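Spelled out, the chains give:
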There are 2 protein chains.
Amino acid sequence: MSNQEFVVLGQDGPGGCCPGLLTAPLAEDQAVELAKVFKALGDPVRLRLLSMIASRAGGEVCVCDLTPAFDLSQPTISHHLKLLREAGLIASERRGTWVYYRLLPEMTDRLAAILTRPAGEPLPEPTEALS
Amino acid sequence: MSNQEFVVLGQDGPGGCCPGLLTAPLAEDQAVELAKVFKALGDPVRLRLLSMIASRAGGEVCVCDLTPAFDLSQPTISHHLKLLREAGLIASERRGTWVYYRLLPEMTDRLAAILTRPAGEPLPEPTEALS
């Protein structure tokens, strides 16, 4: 907690590499952008889809292999996939009849980074209040 | 309010500490639990509140210091704080007139962990298909 003068985030432009959710108050526009991504993750079907795509050996999955895992119609699955895609979490490519999905690890890396506490700086306990 | 309900992602059960969103398909019940936390983060006001609480020198913040940063009523702010608390992201304690909030870093640590790619194991590229 040394230079904690509520610096504004996003040194790397909109959505910057690591807005640092835990290290400084988030600017309003960054909060809006980031909330979209978390909202996309805030649904069990989309989380399961993302984990199925991310963990697939080979790195990509045909939508035809995703749909059977759910009691949902293909249009519903496609809608969830669209929200994940719009959030920048996955990419898609049509080949022939089917659409194939793959993880965009840059976005999950970014989320992991902003949720990670600064190295060597455990968050202070209330009893260690500096001011 | 120190004893949180702290529903979580079964650190000792199937799926272990970190259900591993990126390493294996998420079980349905884990996806439901995890989605609740991401949903709590899926709102710009809640993200800003969380970042204000997490980055505060001293580790805790009076609700009276949070409300002025927003064009929202105190009941609205309190509602957002309640959702963050129910998600296990923050804890609260009433002292006198005011309620004080602090981050529960176990939850953000857990989210960071499940969004982190396995060490030394870059996700496969489509061209590196194993099967």
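Computed from a predicted structure; not experimentally measured.

**Focus on the overall build of chain A**
So, step 1. Per the secondary structure count, chain A includes five helices and three strands.
So, step 2. The order of α-helices and β-strands along chain A, N terminus first, is α-α-β-α-α-β-β-α.
So, step 3. Across the 131 residues in chain A, those meeting the buried criterion constitute 47%.
So, step 4. Taking all contacts inside chain A whose residues are at least 6 apart in sequence as the whole, residues at least 24 apart take part in 54%.
So, step 5. Counting only carbon and sulfur atoms, one obtains 51% of the accessible surface of chain A, whose full area is about 6600 Å².

**Concerning the state of the cysteines**
One covalent bond between the sulfur atoms of two cysteine residues makes up a disulfide.
Residues and elements named next belong to chain A.
So, step 1. What the rule picks out here adds up to two disulfides over all chains.
So, step 2. One disulfide in the model links Cys62 with Cys64; its S-S distance is 2.2 Å. Disulfide Cys62 to Cys64: torsion about the S-S bond roughly 130°, handedness right-handed.
So, step 3. Residue classification places Cys64 among the partly exposed positions, given a relative accessible area of 26%.

**Some thoughts on the sheet that holds strand S3 (residues 98-103) of chain A**
Residues and elements named next belong to chain A.
So, step 1. In space, the three strands of this open sheet follow the order S1-S3-S2, with antiparallel pairing throughout. Strand pairing shows two members of the sheet lacking a second neighbour, strand S1 (60-62) and strand S2 (90-95), which therefore form its edges. Across the sheet, the axes of successive neighbouring strands diverge by a mean angle of 25°, strand direction being ignored.
So, step 2. Across six bridges, S2 lies against S3 in antiparallel orientation. Within S3, the position partnered with Ala91 by the bridge is Arg102.

**Section: the relation of the copies chain A and chain B**
So, step 1. Here chain A sits on chain B after a turn of 180° about the axis and a move of 0.0 Å along it, with an RMSD of 0.0 Å. Here the two chains are linked by the operation of a two-fold rotation axis. Of the C-alpha atoms belonging to chain A, the one lying closest to the rotation axis is found on Ala112 of chain A, 2.1 Å away.
So, step 2. By residue overlap, the copies meet face to face through one surface: 94% of the interface positions of chain A are interface positions in chain B.

**Considerations on the environment of Asp65 of chain A**
All names here are of chain A.
So, step 1. Within the secondary structure, Asp65 is located in helix H3 (residues 63-66).
So, step 2. If we skip the residues at most four places from it in the chain, Asp65 touches Met52 and Arg56.
So, step 3. For Asp65, the side chain forms a polar contact with the side chain of Arg56, separated by 3.2 Å.

**Focus: the confidence of the model for chain A**
Parts of the prediction with low pLDDT should not have their coordinates interpreted in detail.
Residues and elements named next belong to chain A.
So, step 1. This prediction gives chain A a mean pLDDT of 82; 76% of its residues lie at or above 70.
So, step 2. Every residue in residues 127-131 is under pLDDT 50, and counting partners more than four places away or in other chains gives three contacts.
So, step 3. Taken over the whole predicted complex, pTM reads 0.80, whereas the ipTM for its chain interfaces reads 0.80.

**Thoughts on the interface of chain A and chain B**
So, step 1. Each partner contributes residues to the interface: chain A has 48 residues there, and chain B has 45 residues.
So, step 2. It is Leu47, Arg48 and Leu115 of chain A that lose the most area in chain A upon contact with chain B, and together they represent 14% of the buried surface on that side.
So, step 3. At the junction of chain A with chain B, the criterion picks out four salt bridges.
So, step 4. Notably, a salt bridge pairs Arg48 of chain A with Glu28 of chain B, separated by 3.9 Å at the nearest N-O pair.
So, step 5. At the boundary of chain A with chain B, the tally comes to four residue pairs in polar contact (both at pLDDT 80 or more).
So, step 6. Of the residues in the side of chain A that touches chain B, the class split is 29 nonpolar, nine polar and 10 charged.

**Re the packing of aromatic side chains**
So, step 1. Enumeration according to the criterion identifies one aromatic pair over all chains in this entry.
So, step 2. The interplanar angle of 20° and the centroid separation of 6.0 Å between the aromatic rings of Phe38 of chain A and Phe38 of chain B together place this pair among those described as stacked. Taken together, the residues span two chains, with Phe38 of chain A in helix H1 (residues 28-41) and Phe38 of chain B in helix H1 (residues 28-41). Each member of the pair, Phe38 of chain A as well as Phe38 of chain B, is classed as buried.
So, step 3. Here Arg95 of chain A stacks its cationic end above the ring of Tyr100 of chain A, 4.2 Å away from the centre of that ring.

Cut-offs applied
Residues numbered from 1 in each chain as written. Chains lettered and ligands numbered in written order. Predicted model: local features only at pLDDT ≥ 70, side-chain atom pairs only at ≥ 80, totals over all residues. Heavy atoms only, no water. Helix = DSSP H or I, 4+ residues; strand = E, 2+ residues; numbered from the N terminus. Buried < 20%, exposed > 50% of the residue type's maximum accessible area, 1.4 Å probe, protein only. Contact = heavy atoms within 4.5 Å. Areas by Shrake-Rupley, 256 points an atom, 1.4 Å probe, with all protein chains shown as cover. Disulfide = S-S within 2.5 Å. Pairing = 2+ DSSP bridges. Axes fitted to C-alpha atoms, helices over the stretch in contact; angles between N-to-C directions. Least-squares fit on C-alpha atoms with pLDDT ≥ 70 in both. Polar contact = N/O pair within 3.5 Å; in protein donor to acceptor, adjacent residues only side chain to side chain. pLDDT = per-residue confidence, 0-100. Buried area = accessible area lost by both parts, 1.4 Å probe. Salt bridge = Lys/Arg side-chain N within 4 Å of Asp/Glu carboxyl O. Nonpolar A, V, L, I, M, F, W, Y, C, P; charged D, E, K, R; others polar. Phe/Tyr/Trp six-rings, centres within 6.5 Å; stacked < 30°, edge-to-face > 60°. Lys NZ or Arg CZ within 6 Å of the ring centre and 35° of its normal.

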